[in-house]
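Below are the chains, spelled out letter by letter.
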Amino acid sequence: MIGLLVAAPLLGAAVLLCGGRHLNRTGHWLGTALAGVSFVLAAVLFVDMLGRPGDDRALHQHLYSWVPVGGFQADIAFQLDQLSMTFVLLITGVGTLIHLYSVGYMEHDNRRRRFFGYLNLFLAAMLLLVLADNFLLLYVGWEGVGLASYLLIGFWQHKPSAATAAKKAFVVNRVGDAGLAIAIFLMFTTFGTFAFGPVLANAEEATQATLTGIGLMLLLAACGKSAQVPLQSWLGDAMEGPTPVSALIHAATMVTAGVYLITRSGAIFNAAPDAQTAVVVVGAVTLLFGAIIGCAKDDIKKALAGSTMSQIGYMVLAAGLGPIGYAFAIMHLVTHGFFKAGLFLGAGSVMHGMNDEVDMRKYGGLRKYMPVTFVTFGLGYLAIIGFPGLSGFFSKDAIIEAAFAKGGTQGWILGAVTLLGAAITAYYMTRVMLLTFFGEKRWQPDERGNEPHPHESPKTMVIPMVVLAFGSVFAGGLFKFNDAFVNWLRPVTSFEHGHPPIGVAAITTLTVVVLLIGVAAAWLQYGRRPVPVVAPRGSLVTRAARRDLLQDDFNHVVLVRGGEHLTRSLVYVDNKLVDGAVNGTAAAFGGLSGRMRRVQNGFARSYAVSMFGGAALLVAATLLMRAV
Amino acid sequence: MSADPSIQAASGVHTLWTHAAEAPSIEFLQLSPALIVLGAAVVAVLVEAFAPRSARYALQVGLSALALAGALAAVIGLAAGGWATEKAAVIGIGSLALDGPALFLQGVILAVGLVSVGTFAERRLEPVAHGARVDSFAAQPAAVPGGPGEREAIKAGWTTTEIFPLLLFAVGGMLLFPAANDLLTLFIALEVFSLPLYLLCALSRRRRLLSQEAAVKYFLLGAFSSAFLIFGIALLYGYAGTVSYAGIAAVVDGSVENPSPALAAAMGNDALLLVGAALVLMGLLFKVGAVPFHMWTPDVYQGAPTPVTGFMAAATKVAAFGALLRLLYVVLPGLSWDWRPVLWGVAILSMVVGAIVAITQTDVKRLLAYSSIAHAGFILAGVVAVNPQGISSVLFYLLAYSFVTLGAFAVVTLVRDAGGEATHLSKWAGLGRRSPLVAAVFAIFLLAFAGIPLTSGFVGKFAVFKAAAEGGAGVLVVVGVLSSAVAAFFYLRVIVLMFFSEPAAEGPTVAIPSVLTKATIGIAVAATLLLGVLPQYFLDLATQAGVFVR
């Protein structure tokens, strides 16, 4: 049953990618249906899980062992507990909606069948990632989503920018993947197994240094996949992919895999406080980093990408807080999955109506032309800025409280950072909202002279947006009600109530106040006066933020240049020393081979002589063995 | 026992005779695999004699496939009935063993034979000759190559359907070879499968002279090695006074109760035993193609019709290693201190010579021949482990290797130019650009030969080396791994050649085969990947089967 969850989209990927042209007309519906099948299966499993008591909800399924040799046990085995279930529902649910959306969005693309094949492949890999019961299988899923992400970012491979972005995402992710691999090696040498159960149960028995090492390597992996500082640079460029991809992979699901990894390995981080501190620092830095980038971008998808980075920063920060934060990290992850996917789909809908224009300075006043998009996007907007009563309010507020509850100076700093982040979030999201839907219309004909005719998108696109908008509005309240979500996850992640130094009511009030400040600032800047179509030069900070806070320049100077010098010297050593030795050996064997084949002269008589000699040797050797 | 005093007086080898005289019970059921195949072979000879020429092809193909499938079903039935484990027994008046290794290897040989029927019967590769589709075998083998007799036979569209009874006889002999439980049966089984193979080697439609030369060489050298083998048997009989495996083993152990005076004297004379054992070993090592008895391999593999090469390379190795295992583990375990170092040497030589000489080969079939020599060395490493894992790892290796070999040679039959198969490596350059599927399939087989993970070759090699290491043969493992590295070079070189070189201007074309060859290649690929990805079931099967009846 659990295996079927993965098998359905995998089958879809296989059929769609190998199926050939005659699937062009029906393939997208097949892909969507199989995603739907997975979702229905997940729902059935969910209901079944609810029927069992809290501590008895995890399911295990062992499919087979790949060459069990001595202590090496590589199992294909699944584990479905509350944490996995949460992800499975999110992945299959949002995944199905986005499949449906893509039917409309990719309607005019003649490679649509392949697109759905990749999407199904992504679903299968992502489900494998969250359902694995050991780190090795998780790694398989981890690489699988990386591959799907690469294929989908570069889906429009005829555009050099898309091809480059795909390559960049792949290369940056390799760094993180190497971290995960090393973490798995360390785990195997320390604990002798890959399985979650024994590794996590015995985590405290390892030495502090080992645990810190494993934790930091896991963090590196999480940074790569979740676009956290210092491996954040690929996410903005990844927006070159089709918008449904940005919504599914680079907002709702794949980029949150890092949070999953940290939460899943909670026992290791709990026992390694230094690694945990590193997690918090990475989260806090990324939270502000992404938010600042989000403020400066004029490309609607890149602004949203900055926001994604920042929101995942919140989650990583919460996961780094330990048992007081895990549940809130996952809760924010789920609500974020709803509203960010909804926002991206809204952005896609806008682009669909605007001849694929992404520059928000060339939008304006769209609310009259696309009312449904406006309303759903607006609800997503209210949710992400944490408007009281909506999803984001509950989940973000919980993280801010937990940050304060960390205690000591750290608690105050983290609390302040999260509050500042909330203010900036309100600012840049209001900016997006105002630039896109309010004000004067600032459309211009594109290079080919086509005047955009903004219009509402087709039903297949609108329905998913509406469903996600419902999630953005109600999910948070539902989770918060009676602490339902925290109690649901408690058997897996363990939970402690945090006690912030100032009252919960005070924190909530503060949150709302900074929210209003952010909105007001944006309104003063973009709502009150007309927006110039060409971006003003801006301050130094603005310009830096437009260049993604100089991340690429930094990478270029430090890594690329340094790497070039390193590789040049390595190539020198390789050419002179290594190749010399290798070629020498090869030449030696080749020469030997040439000499030895001369014995094979084609005459049966020589062959017989060699056999006779061999037999004589055999007899002599046997007798000799007895003699000595 | 009969009351007749003259019969009671008989002893020694004559007991066999006396038992036969009083109508012993024959276990027809347990003997059924070999009986089916050999019976079908006899029927096939009759078909050849009496059926009209036009009907023979269909009849022979159907009969062979049916017989081999039936025998395979019988083997599986026997194994499922427990004959491989708790009911394992010595049958056929002591001449044959029915146990795990015998049934496992018989199953492999039958599967190989069955799949080979496909490549033997393939008639889509050669151009149509005068309106008739023909296979890769000579039209009129008895005619002088290129002479008028042959031309007329080609014009008449004749084909040599005798290959099918020959194939069946060869398979029949191979079934008995690893099951033989006395030295005479061993020898007879050897001849029963060798003689048809000599003939098959001579039957190539293209390059007849090369084919006939190969057959003559194979026959001469095979006869030469048989002489050694039979001489070794004579010496062993002289030593132990019996040809039965259990009997010899008992004498070697010194566990014979009340030996006759003559036997008591012989038991002290180890020279007979050692020389006899060495010569019998040599006869078997010739069949597996181990250095220094390997010289025939490249010439014969290259000259023989490629379907025959594929069958021979796979099945002979399985049968011969089966017999070798039984001889070493059942007859001579008491002598293992004597034969282990010798076989160490042979294994090392085979791995090193096979791998190194293969580097400079320019013909695909010769390359695969040297590769088979190196693989014989790898398998020997498992043989000398002298532990239960040694047996089961060798069984698994043989299963894996035989399908990879079959598949690789089947691919070779597809790549053709005007002169028939284009076996020179330079012609294979750029094949991956023109026929990506064929090249990819061949690449899978090459990777399996090289022992790359996720192919059966990796699992087999790993199992063999692991057994050898646990059996205390660490040096062998080191040499084995180093030779694998050398071998990987020439396997990968072919892949590089196929995929990364510019296609040759006058390059060969890939013939589109009928479903027969497609099935062969498909089964081989499936087996290669299945045994590489999901080996556990088959490893368990080999472990279960790895117990000899004594």
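Below is a summary of the structure that appears in this document. (Residues numbered from 1 in each chain as written. Chains lettered and ligands numbered in written order. Predicted model: local features only at pLDDT ≥ 70, side-chain atom pairs only at ≥ 80, totals over all residues. Heavy atoms only, no water.)

Below, the discussion takes up the overall build of chain B. Of regular secondary structure, chain B possesses 23 helices and five strands. Here the C-alpha atoms of chain B give a radius of gyration of 23 Å, agreeing with the 24 Å that 2.2 N^0.38 yields for 550 residues. Across its three principal axes, chain B shows a C-alpha extent of roughly 80 × 55 × 40 Å. With 550 residues in all, chain B has 61% of them scored as buried. For chain B, contacts bridging at least 24 residues in sequence account for 80% of all contacts bridging at least 6. Entry remark: accessible area of chain B is about 19,100 Å², with carbon and sulfur atoms responsible for 71%. Of the charged side chains in chain B, 28 are positive and 27 negative; the average position of the first set lies 13 Å away from that of the second. (Helix = DSSP H or I, 4+ residues; strand = E, 2+ residues; numbered from the N terminus. Rg over C-alpha atoms; globule rule 2.2 N^0.38 Å. Buried < 20%, exposed > 50% of the residue type's maximum accessible area, 1.4 Å probe, protein only. Contact = heavy atoms within 4.5 Å. Areas by Shrake-Rupley, 256 points an atom, 1.4 Å probe, with all protein chains shown as cover. Lys, Arg positive; Asp, Glu negative; His and termini not counted. Charge placed at Lys NZ, Arg CZ, Asp CG, Glu CD.)

Glancing now at the overall build of chain A. Secondary structure summary: chain A contains 24 helices and two strands in total. Relative to the 2.2 N^0.38 estimate, which gives 25 Å for 628 residues, the radius of gyration of chain A is 28 Å and therefore close to what a compact globule would have. Based on the C-alpha atoms only, the size of chain A along its principal axes is roughly 105 × 60 × 50 Å. Sequence-distant contacts in chain A: of pairs separated by 6 or more residues, those separated by 24 or more amount to 80%. Here chain A displays about 25,000 Å² of accessible surface, and carbon together with sulfur accounts for 67% of that area. In chain A, the 45 positive side-chain charges and the 35 negative ones have mean positions that sit 8 Å from each other.

Residues and elements named next belong to chain B. Considering all chains together, one arrives at nine cavities of 30 Å³ or more under this definition. Lining the largest cavity we find 14 residues, and of these Q30, L31, I91, L96 and Q106 sit closest to its centre. Residue assignment for the lining of the largest cavity shows that the elements contributing at least two residues are α3 (28-50), β2 (96-98), α5 (100-121) and α7 (163-176). Ranked by the residues each element gives to the lining of the largest cavity, the list is headed by α3, at four residues. Roughly 60 Å³ of internal volume is contained in the second largest cavity. In terms of lining residues, the second largest cavity is bounded by Y218, K287, V288, G289, W296, T297, Y301, M312, T316, K317 and S372. Elements with a contribution of two residues or more to the lining of the second largest cavity: α12 (270-288), α13 (296-303) and α14 (306-331). Classifying every residue of the lining of the second largest cavity by side-chain character gives five nonpolar, four polar and two charged. (1 Å grid on protein atoms, 1.4 Å probe; cavity = no way out; pocket = protein on both sides within 12 Å on 5 of 7 lines; lining within 4 Å. Points joined across faces, edges and corners; volume = space filled by probe spheres on them. Nonpolar A, V, L, I, M, F, W, Y, C, P; charged D, E, K, R; others polar.)

Next up on the list: helix α23 (residues 536-545) of chain B. All names here are of chain B. Of all the residues in α23, the buried ones are L539, A542 and A545. Summarising the axial view, the buried residues of α23 lie within an arc of 130°, below the 170-degree limit, and thus occupy one face. Exposed and oriented more than 90 degrees from the buried face of α23 are Y537, T543 and Q544. Packing partners of the buried residues in α23 comprise α5, α17 (388-412) and α20 (456-470). (Arc of directions from axis to C-beta.)

All names here are of chain B. Reading across the sheet, the three strands line up as β4-β3-β5 and stay open at both edges, with antiparallel pairing between neighbours. Both edges of this open sheet fall to β4 (420-421) and β5 (509-510), since each of them pairs with a single strand only. Judged from the two bridges that link them, strand β3 (residues 415-417) and β5 form a sheet pairing that is antiparallel. When the bridges of β5 are listed, R416 appears paired with T509. (Pairing = 2+ DSSP bridges.)

Inspection of the entire model under this criterion finds 37 aromatic pairs over all chains. A ring pair is formed by A:Y101 and A:Y105, whose centres lie 5.8 Å apart and whose planes are at 20°; its orientation type is stacked. With A:Y101 and A:Y105 both in helix α3 (residues 82-105) and four residues apart, the pair spans about one turn of that helix. The exposure class of A:Y101 is buried, given its relative accessible area of 0%. On the basis of relative accessibility, which here comes to 9%, the residue A:Y105 falls in the buried class. Between the aromatic rings of A:F612 and B:F228, the centroid separation amounts to 6.2 Å while the plane-to-plane angle is 55°, which identifies the pairing as tilted. Of the two residues, A:F612 is situated in helix α24 (residues 604-627) and B:F228 in helix α9 (residues 208-240); the pairing between them involves two chains. Judged by relative accessible area, B:F228 falls into the buried class, the value being 12%. (Phe/Tyr/Trp six-rings, centres within 6.5 Å; stacked < 30°, edge-to-face > 60°.)

To continue, consider unusual backbone geometry. Backbone geometry follows two general trends: most residues other than glycine have a negative phi, and most peptide bonds adopt the trans configuration. Following A:V229, the chain continues into A:P230 via a peptide bond in cis, with omega recorded as 10°. Summarising the element assignment, A:P230 is placed in the loop between α8 (208-226) and α9 (234-237). Following B:V291, the chain continues to B:P292 via a peptide bond in cis, the omega torsion being 10°. Following the sequence through the fold, B:P292 ends up in the loop between α12 and α13. The phi torsion at A:D356 lies on the positive side, around 60°, for a residue other than glycine. Its location among the elements puts A:D356 in the loop between α15 (326-353) and α16 (371-385).

The next subject is the packing of helix α4 (residues 112-131) of chain A against helix α11 (residues 257-264) of chain A. All names here are of chain A. At a minimum axis separation of 11 Å, α4 and α11 run at an interaxial angle of 15°. Classed by the angle they form, the pair α4 and α11 counts as roughly parallel. Crossing angle aside, the handedness with which α4 passes α11 is left-handed. Between α4 and α11, the residues in contact are M126, L129 and V130 and A257, Y260 and R264, respectively. (Axes fitted to C-alpha atoms, helices over the stretch in contact; angles between N-to-C directions. Parallel < 35°, antiparallel > 145°, perpendicular 65-115°, else oblique. Left-handed = near helix turned anticlockwise from the far one by under 90°.)

The subject of this paragraph is the layout of surface pockets. All names here are of chain B. A volume near 680 Å³ is recorded for the largest pocket. Lining of the largest pocket is provided by 26 residues; of these, I76, F104, G107, F538 and L541 occupy positions nearest its centre. Going through the elements one at a time, α4 (53-80), α5, α17, α22 (515-533) and α23 are the ones with two or more residues in the lining of the largest pocket. A class-by-class count of the residues in the lining of the largest pocket yields 21 nonpolar, five polar and no charged.

A separate point is the interface of chain A and chain B. Much of the literature gives interface size as the accessible area that the parts lose upon coming together. Contact with chain A, which involves 31 residues of that partner, is made by 45 residues of chain B. For the pairing of chain A and chain B, the buried interface totals around 3,300 Å² over both sides, and the portion due to carbon and sulfur atoms is 76%. On the chain A side of the contact with chain B, A:M611, A:L618 and A:R626 bury the most area, a combined 20% of that side's loss. Seen at the junction of chain A and chain B, the total is two salt bridges. For B:D270, the salt bridge identified is with A:R626, shortest N-O distance 2.4 Å. Taken together, the connections running from chain A to chain B amount to twelve residue pairs in polar contact (both at pLDDT 80 or more). If you list the elements that add at least two residues to the side of chain A that touches chain B, you get β1 (59-69), α23 (551-597) and α24 of chain A. (Buried area = accessible area lost by both parts, 1.4 Å probe. Salt bridge = Lys/Arg side-chain N within 4 Å of Asp/Glu carboxyl O. Polar contact = N/O pair within 3.5 Å; in protein donor to acceptor, adjacent residues only side chain to side chain.)

Residues and elements named next belong to chain A. In contact at an axis separation of 10 Å, helix α14 (residues 300-320) and helix α17 (residues 391-405) are set at 45° when each is read in the N-to-C sense. As the angle between them shows, α14 and α17 are arranged oblique. Crossing of α14 against α17: the hand is left-handed. Between α14 and α17, the contacting residues are Q311, Y314, L317 and A318 on the first element and K396, I399 and A403 on the second.

The next subject is the pattern of salt bridges. All names here are of chain B. One pass over the structure, following the stated rule, counts 23 salt bridges over all chains. For E126, the salt bridge goes to R206, with nearest N and O atoms at 2.9 Å. Of this pair, E126 sits in the loop between α5 and α6 (148-155) while R206 sits in the loop between α8 (183-201) and α9, and the two are 80 residues apart along the sequence. The class for E126 is buried, based on a relative accessible area of 6%. When the shortest N-O distance is used, the salt bridge between D299 and K217 registers 2.7 Å. Of this pair, D299 sits in helix α13 while K217 sits in helix α9, and the two are 82 residues apart along the sequence. The exposure classification of D299 matches that of K217, with both residues buried. Among the charged side chains, a network of salt bridges with common partners joins E213, K217, D299 and R366.

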